[in-house]
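Understanding the architecture of this molecule
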Amino acid sequence: MAKFAFFFSYSPETWNRMVMKPSDRTAAVRTMLEAQDAQLEALYYMFGGHDGIVIFEAPDSSAAAAISLAVTASGAFDRHETRELITPAELVDVLDKAGHSHQAYVRPGD
């Protein structure tokens, strides 16, 4: 399974609803992820450019895209970003593949 980070920012309306009726959103996030055979690893709220982050594992990028689209369609978020995470071990393979492509690539004008 691939691992993803989902950064999110709630809309002002969503924050208002949460202030008026506080609740832990973990179960709702877990249920939504499980609909795509994904698994929640962590949910955190934070200060800064985003309101929070969800770390999850999904079968593939198609499942992660479906999750992202479902969140967008909800209207509860002002913005969000989904990023696939790469482990240090996976990076070695990526770098090896990049080395092969680097040798084959011809820069414009060369």
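In this report, we go over the structure that sits alongside the text. Just so it is clear, the structure is predicted and the values come from calculations on it, not from any experiment.

**Some thoughts on the overall build of the chain**
Within the chain, the regular secondary structure consists of four helices and four strands. Across the chain, helices and strands are ordered from the amino to the carboxyl terminus as β-α-α-β-β-α-β-α. The globule rule puts the C-alpha radius of gyration for 110 residues at 13 Å, and the 18 Å found for the chain is more than 25% above it. The dimensions of the chain, computed from C-alpha atoms along their principal axes, are 60 × 30 × 25 Å. A buried classification covers 27% of the 110 residues belonging to the chain. Nonlocal contacts in the chain, meaning residues at least 24 apart in sequence, comprise 66% of its contacts between residues at least 6 apart. A total of about 7,800 Å² of accessible surface is found on the chain, and carbon and sulfur atoms cover 57% of it.

**Describing the sheet that holds strand β3 (residues 52-58)**
One key point about sheets: their strands pair by backbone hydrogen bonds, in either a parallel or an antiparallel sense. Here we have four strands laid out as an open sheet, ordered β2-β3-β1-β4, and antiparallel in their pairing. Of all the strands in the sheet, just β2 (39-45) and β4 (77-85) have a single pairing partner and so form its edges. For this sheet, the mean angle separating the axes of adjacent strands, direction not counted, is 15°. Relative to strand β1 (residues 2-10), helix α1 (residues 12-20) is tilted by about 85°, and along the sheet it contacts β1, β2 and β4.

**Considering helix α4 (residues 88-104)**
Its 17 residues place the ends of α4 25 Å apart at the C-alpha level, agreeing with the 24 Å of an ideal helix rising 1.5 Å per residue. Counting buried positions over the 17 residues of α4 gives zero, only a small fraction of the element.

**A closer look at the packing of aromatic side chains**
Taken as a whole, this structure holds nine aromatic pairs when the rule is applied. Taken together, a centroid distance of 5.7 Å and an interplanar angle of 85° make the contact between F8 and F77 edge-to-face. Remark: F77 occurs in strand β4 and F8 occurs in strand β1; sequence separation between them is 69 residues. Residue classification places F8 among the buried residues on the basis of a relative accessible area of 2%.

**Remarks on the environment of H80**
Secondary-structure assignment places H80 in strand β4. Under the relative-accessibility criterion, H80 is labelled partly exposed at 21%. For the pair H80 and F47, spaced 33 residues apart in the sequence, the C-alpha separation amounts to 15 Å. In contact with H80, not counting residues within four places along its chain, are F6, F7, F8, S68, V71 and T72. Here the side chain of H80 touches T72 through a polar contact of 2.6 Å, side chain to side chain.

**Things to note about helix α3 (residues 61-74)**
Residues three or four positions apart in an α-helix share a direction because the helix packs 3.6 residues into each turn. With 14 residues, α3 extends 20 Å from end C-alpha to end C-alpha; this agrees with the ideal 20 Å at 1.5 Å per step. Taken together, the buried residues of α3 touch β1, α2 (26-34), β3 and β4. Just downstream of α3 lies G75, where phi reads positive at about 75°.

Here is what the cut-offs are and how they apply
Residues numbered from 1 in each chain as written. Predicted model: local features only at pLDDT ≥ 70, side-chain atom pairs only at ≥ 80, totals over all residues. Heavy atoms only, no water. Helix = DSSP H or I, 4+ residues; strand = E, 2+ residues; numbered from the N terminus. Rg over C-alpha atoms; globule rule 2.2 N^0.38 Å. Buried < 20%, exposed > 50% of the residue type's maximum accessible area, 1.4 Å probe, protein only. Contact = heavy atoms within 4.5 Å. Areas by Shrake-Rupley, 256 points an atom, 1.4 Å probe, with all protein chains shown as cover. Pairing = 2+ DSSP bridges. Axes fitted to C-alpha atoms, helices over the stretch in contact; angles between N-to-C directions. Expected span 1.5 Å × (residues − 1). Phe/Tyr/Trp six-rings, centres within 6.5 Å; stacked < 30°, edge-to-face > 60°. Polar contact = N/O pair within 3.5 Å; in protein donor to acceptor, adjacent residues only side chain to side chain.

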